[in-house]
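Observations on the three-dimensional arrangement
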Amino acid sequence: MNVPNQEQITVYLPRIQEIVNTAPRNSDLQLAGLRLLTNMSVTNIYHHAIISSVPQFLQILEDGSELVQIQVLKVLVNLSANSHLTKHLLTLKPPSSFISLFDSCNNRDILLRQLIFIANLKENLKKEAQEDIQCICADDSFYSLLFGNSSLLPQKLASLLLHQDADMKLQAARILTRPF
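Described below are features of the structure shown in this document. (Residues numbered from 1 in each chain as written. Predicted model: local features only at pLDDT ≥ 70, side-chain atom pairs only at ≥ 80, totals over all residues. Heavy atoms only, no water.)

**Things to note about the overall build of the protein chain**
- On a plain count of helices and strands, the protein chain comes out with 12 helices and zero strands.
- Secondary structure elements of the protein chain, listed N to C terminal, follow the sequence α-α-α-α-α-α-α-α-α-α-α-α.
- Rg of the C-alpha trace for the protein chain: 16 Å, near the compact-globule value of 16 Å for 180 residues, within the 12% margin.
- Within the protein chain, the fraction of its 180 residues that count as buried is 47%.
- Sequence separation of at least 24 residues holds for 70% of the intrachain contacts in the protein chain that already meet a minimum separation of 6.
- When the accessible surface of the protein chain is split by element, carbon and sulfur atoms take 53% of a total near 9,100 Å².
- In the protein chain, which carries 15 positive and 16 negative side-chain charges, the distance between the mean positions of the two groups comes to 4 Å. (Helix = DSSP H or I, 4+ residues; strand = E, 2+ residues; numbered from the N terminus. Rg over C-alpha atoms; globule rule 2.2 N^0.38 Å. Buried < 20%, exposed > 50% of the residue type's maximum accessible area, 1.4 Å probe, protein only. Contact = heavy atoms within 4.5 Å. Areas by Shrake-Rupley, 256 points an atom, 1.4 Å probe, with all protein chains shown as cover. Lys, Arg positive; Asp, Glu negative; His and termini not counted. Charge placed at Lys NZ, Arg CZ, Asp CG, Glu CD.)

**Quick notes on unusual backbone geometry**
- If you check the backbone angles, asparagine 26 has positive phi at about 70° while not being a glycine.
- With respect to the helices and strands, the residue asparagine 26 is situated in the loop between helix 2 (13-22) and helix 3 (28-40).
- Note on asparagine 26: relative accessible area 34%, which makes it partly exposed.

**Some remarks on helix 6 (residues 66-80)**
- Compared with the 21 Å implied by 1.5 Å per residue over 15 residues, the 20 Å span of helix 6 between its first and last C-alpha is a close match.
- Judged by how many residues are buried, helix 6 sits mostly within the fold: 12 of 15 residues are covered.
- Contacts made by the buried residues of helix 6 are with helix 3, helix 4 (47-50), helix 5 (54-63), helix 7 (86-91) and helix 8 (108-124). (Expected span 1.5 Å × (residues − 1).)

**Focus on the packing of helix 5 against helix 6**
- Interaxial distance between helix 5 and helix 6 falls to 9 Å at its minimum, and their mutual angle equals 145°. Between helix 5 and helix 6 lies a crossing of left-handed hand. Contact residues: helix 5 offers Val54, Phe57, Leu58, Ile60, Leu61 and Glu62, while helix 6 offers Val68, Gln69, Val72, Leu73, Val75, Leu76 and Leu79. (Axes fitted to C-alpha atoms, helices over the stretch in contact; angles between N-to-C directions. Left-handed = near helix turned anticlockwise from the far one by under 90°.)

**Some thoughts on the packing of helix 8 against helix 12 (residues 166-177)**
- Packing of helix 8 against helix 12 brings their axes to within 9 Å, and their N-to-C directions diverge by 25°. Considering their axes alone, helix 8 and helix 12 lie roughly parallel with respect to each other. Between helix 8 and helix 12 the crossing geometry is left-handed. Contact residues: Arg108, Leu111, Leu112, Leu115, Ile116, Ile118, Ala119, Asn120, Lys122 and Glu123 in helix 8; Asp167, Met168, Gln171, Arg174, Ile175 and Leu176 in helix 12.
- Taken together, the residues of the contact of helix 8 with helix 12 sort by class into nine nonpolar, two polar and five charged. (Parallel < 35°, antiparallel > 145°, perpendicular 65-115°, else oblique. Nonpolar A, V, L, I, M, F, W, Y, C, P; charged D, E, K, R; others polar.)

**Quick notes on the environment of serine 41**
- Mapped onto the secondary structure, serine 41 falls in the loop between helix 3 and helix 4.
- For the pair serine 41 and leucine 58, spaced 17 residues apart in sequence, the C-alpha separation works out to 16 Å.
- Ignoring any residue separated from it by four or fewer positions in sequence, one finds serine 41 in contact with His47, Ile50, Val75 and Asn78.
- Among the polar contacts listed, one links the side chain of serine 41 to the side chain of asparagine 78, at a separation of 2.9 Å. (Polar contact = N/O pair within 3.5 Å; in protein donor to acceptor, adjacent residues only side chain to side chain.)

**Here's the deal with the packing of aromatic side chains**
- Applying the stated criterion to the full structure yields four aromatic pairs.
- Taking 6.3 Å as the distance between ring centres and 75° as the angle between the ring planes, the aromatic pair formed by phenylalanine 98 and phenylalanine 117 counts as edge-to-face. You can see phenylalanine 98 sitting in the loop between helix 7 and helix 8 and its partner phenylalanine 117 sitting in helix 8, a full 19 residues away along the chain. Pair check on accessibility: phenylalanine 98 and phenylalanine 117 agree, each one buried.
- Both rings, one in phenylalanine 117 and one in phenylalanine 142, keep their centres 5.6 Å apart while their planes meet at 70°; by these two values the pair is edge-to-face. Residue phenylalanine 117 is found in helix 8, and its partner phenylalanine 142 is found in helix 10 (residues 142-147); the two are separated by 25 residues along the sequence. Neither phenylalanine 117 nor phenylalanine 142 differs from the other in exposure class; each is buried. (Phe/Tyr/Trp six-rings, centres within 6.5 Å; stacked < 30°, edge-to-face > 60°.)

Right, here's the structure in full:
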(Lines give C-alpha, C1' and ligand atoms only; values in the text may rest on other atoms or scores of the structure.)
Protein backbone atom coordinates (compact mmCIF):
# COMPACT_ATOMS: atom_id res chain seq x y z
CA MET A 1 0.00 0.00 0.00
CA ASN A 2 1.43 3.31 -1.08
CA VAL A 3 -0.02 6.05 1.14
CA PRO A 4 1.22 9.01 -0.95
CA ASN A 5 -0.36 7.46 -4.06
CA GLN A 6 -3.61 6.91 -2.19
CA GLU A 7 -3.65 10.55 -1.12
CA GLN A 8 -3.29 11.64 -4.74
CA ILE A 9 -5.95 9.19 -5.94
CA THR A 10 -8.43 10.45 -3.33
CA VAL A 11 -9.46 13.41 -5.47
CA TYR A 12 -10.44 10.98 -8.24
CA LEU A 13 -12.54 8.63 -6.06
CA PRO A 14 -15.91 10.12 -7.07
CA ARG A 15 -15.02 9.77 -10.76
CA ILE A 16 -13.70 6.23 -10.26
CA GLN A 17 -16.91 5.25 -8.49
CA GLU A 18 -18.96 6.80 -11.30
CA ILE A 19 -16.97 4.83 -13.87
CA VAL A 20 -17.41 1.58 -11.94
CA ASN A 21 -21.15 2.18 -11.69
CA THR A 22 -21.68 3.19 -15.33
CA ALA A 23 -19.08 1.14 -17.22
CA PRO A 24 -20.35 -1.81 -19.21
CA ARG A 25 -20.96 -4.71 -16.82
CA ASN A 26 -17.94 -7.00 -16.47
CA SER A 27 -15.74 -4.76 -18.62
CA ASP A 28 -12.02 -4.39 -18.03
CA LEU A 29 -12.67 -0.77 -17.08
CA GLN A 30 -15.19 -1.74 -14.40
CA LEU A 31 -12.88 -4.42 -13.05
CA ALA A 32 -9.91 -2.02 -12.94
CA GLY A 33 -11.99 0.54 -11.05
CA LEU A 34 -13.12 -2.08 -8.55
CA ARG A 35 -9.52 -3.18 -8.01
CA LEU A 36 -8.50 0.39 -7.33
CA LEU A 37 -11.39 0.80 -4.87
CA THR A 38 -10.35 -2.44 -3.19
CA ASN A 39 -6.88 -1.03 -2.63
CA MET A 40 -8.29 2.29 -1.42
CA SER A 41 -10.56 0.51 1.06
CA VAL A 42 -7.83 -1.54 2.73
CA THR A 43 -7.61 1.04 5.52
CA ASN A 44 -10.48 2.99 7.09
CA ILE A 45 -9.09 6.30 5.84
CA TYR A 46 -11.16 6.43 2.63
CA HIS A 47 -14.21 4.43 3.66
CA HIS A 48 -16.28 7.61 4.01
CA ALA A 49 -15.62 8.39 0.35
CA ILE A 50 -16.57 4.91 -0.86
CA ILE A 51 -19.59 4.01 1.28
CA SER A 52 -22.07 6.01 -0.82
CA SER A 53 -21.51 3.67 -3.78
CA VAL A 54 -22.33 0.47 -1.91
CA PRO A 55 -25.93 0.27 -3.22
CA GLN A 56 -24.58 0.33 -6.77
CA PHE A 57 -21.91 -2.21 -5.85
CA LEU A 58 -24.64 -4.51 -4.58
CA GLN A 59 -26.36 -4.30 -7.96
CA ILE A 60 -23.05 -5.12 -9.64
CA LEU A 61 -22.70 -8.06 -7.24
CA GLU A 62 -26.07 -9.37 -8.36
CA ASP A 63 -25.40 -9.50 -12.08
CA GLY A 64 -21.63 -9.32 -12.43
CA SER A 65 -19.29 -12.07 -13.54
CA GLU A 66 -17.52 -14.13 -10.90
CA LEU A 67 -14.39 -11.99 -11.25
CA VAL A 68 -16.39 -8.79 -10.75
CA GLN A 69 -18.34 -10.32 -7.86
CA ILE A 70 -15.08 -11.19 -6.11
CA GLN A 71 -13.83 -7.62 -6.47
CA VAL A 72 -17.11 -6.18 -5.15
CA LEU A 73 -16.96 -8.55 -2.20
CA LYS A 74 -13.37 -7.53 -1.47
CA VAL A 75 -14.53 -3.92 -1.15
CA LEU A 76 -17.49 -4.98 1.01
CA VAL A 77 -15.22 -7.05 3.27
CA ASN A 78 -12.92 -4.07 3.74
CA LEU A 79 -15.84 -1.75 4.53
CA SER A 80 -17.46 -4.27 6.88
CA ALA A 81 -14.30 -4.38 8.98
CA ASN A 82 -15.01 -0.77 9.96
CA SER A 83 -17.39 -0.88 12.93
CA HIS A 84 -18.52 2.69 12.22
CA LEU A 85 -20.14 1.50 8.98
CA THR A 86 -21.96 -1.53 10.38
CA LYS A 87 -25.26 0.27 10.95
CA HIS A 88 -25.19 1.76 7.46
CA LEU A 89 -24.36 -1.57 5.79
CA LEU A 90 -27.04 -3.47 7.70
CA THR A 91 -29.78 -1.03 6.66
CA LEU A 92 -29.04 -1.48 2.94
CA LYS A 93 -31.14 -3.69 0.70
CA PRO A 94 -29.17 -6.78 -0.35
CA PRO A 95 -29.34 -8.17 -3.86
CA SER A 96 -32.13 -10.70 -4.24
CA SER A 97 -29.58 -13.39 -5.05
CA PHE A 98 -27.42 -12.74 -1.97
CA ILE A 99 -28.56 -15.70 0.11
CA SER A 100 -28.23 -18.05 -2.87
CA LEU A 101 -24.54 -17.17 -3.07
CA PHE A 102 -24.18 -19.32 0.06
CA ASP A 103 -24.66 -22.53 -1.86
CA SER A 104 -21.58 -24.65 -1.31
CA CYS A 105 -21.28 -25.32 -5.04
CA ASN A 106 -20.57 -21.64 -5.71
CA ASN A 107 -17.13 -20.22 -6.39
CA ARG A 108 -14.93 -20.63 -3.31
CA ASP A 109 -13.61 -17.06 -3.39
CA ILE A 110 -17.11 -15.60 -3.62
CA LEU A 111 -18.46 -17.75 -0.83
CA LEU A 112 -15.50 -17.17 1.48
CA ARG A 113 -15.59 -13.38 1.04
CA GLN A 114 -19.34 -13.36 1.57
CA LEU A 115 -18.87 -15.27 4.82
CA ILE A 116 -16.14 -12.88 5.98
CA PHE A 117 -18.39 -9.91 5.13
CA ILE A 118 -21.19 -11.29 7.29
CA ALA A 119 -18.85 -12.38 10.08
CA ASN A 120 -17.43 -8.86 10.22
CA LEU A 121 -20.91 -7.33 10.38
CA LYS A 122 -22.00 -9.67 13.13
CA GLU A 123 -18.79 -9.13 15.07
CA ASN A 124 -19.24 -5.36 14.90
CA LEU A 125 -22.90 -5.48 15.84
CA LYS A 126 -22.91 -4.57 19.49
CA LYS A 127 -25.66 -6.07 21.63
CA GLU A 128 -26.83 -2.70 22.87
CA ALA A 129 -26.98 -1.34 19.32
CA GLN A 130 -28.73 -4.40 17.91
CA GLU A 131 -32.15 -3.24 19.10
CA ASP A 132 -31.54 0.22 17.62
CA ILE A 133 -30.50 -1.26 14.29
CA GLN A 134 -33.39 -3.72 14.32
CA CYS A 135 -35.83 -0.83 14.73
CA ILE A 136 -34.52 1.15 11.77
CA CYS A 137 -34.02 -1.77 9.40
CA ALA A 138 -36.66 -2.57 6.83
CA ASP A 139 -37.84 -6.10 6.20
CA ASP A 140 -35.75 -6.14 3.03
CA SER A 141 -32.49 -5.02 4.68
CA PHE A 142 -29.26 -6.94 5.18
CA TYR A 143 -30.08 -7.08 8.89
CA SER A 144 -33.40 -8.83 8.29
CA LEU A 145 -31.94 -11.15 5.67
CA LEU A 146 -29.03 -12.18 7.85
CA PHE A 147 -30.27 -11.95 11.41
CA GLY A 148 -34.07 -11.63 11.25
CA ASN A 149 -36.44 -14.21 12.62
CA SER A 150 -37.17 -15.71 9.19
CA SER A 151 -33.56 -15.70 8.02
CA LEU A 152 -32.39 -18.70 6.01
CA LEU A 153 -28.79 -17.93 6.93
CA PRO A 154 -28.50 -20.34 9.89
CA GLN A 155 -29.54 -23.27 7.68
CA LYS A 156 -27.08 -22.27 4.96
CA LEU A 157 -24.30 -21.84 7.53
CA ALA A 158 -25.03 -25.18 9.17
CA SER A 159 -24.48 -26.93 5.86
CA LEU A 160 -21.22 -25.03 5.41
CA LEU A 161 -19.94 -26.45 8.70
CA LEU A 162 -19.65 -29.71 6.77
CA HIS A 163 -17.78 -28.12 3.88
CA GLN A 164 -14.42 -29.66 2.91
CA ASP A 165 -12.68 -26.28 2.99
CA ALA A 166 -11.33 -25.40 6.45
CA ASP A 167 -11.65 -21.63 5.84
CA MET A 168 -15.33 -22.05 4.98
CA LYS A 169 -15.94 -24.03 8.15
CA LEU A 170 -14.07 -21.45 10.20
CA GLN A 171 -16.04 -18.48 8.86
CA ALA A 172 -19.39 -20.31 9.14
CA ALA A 173 -18.56 -21.19 12.75
CA ARG A 174 -17.43 -17.60 13.39
CA ILE A 175 -20.88 -16.38 12.38
CA LEU A 176 -22.90 -19.08 14.12
CA THR A 177 -21.05 -19.00 17.43
CA ARG A 178 -20.55 -15.23 17.79
CA PRO A 179 -23.20 -13.88 20.17
CA PHE A 180 -24.70 -10.47 19.49
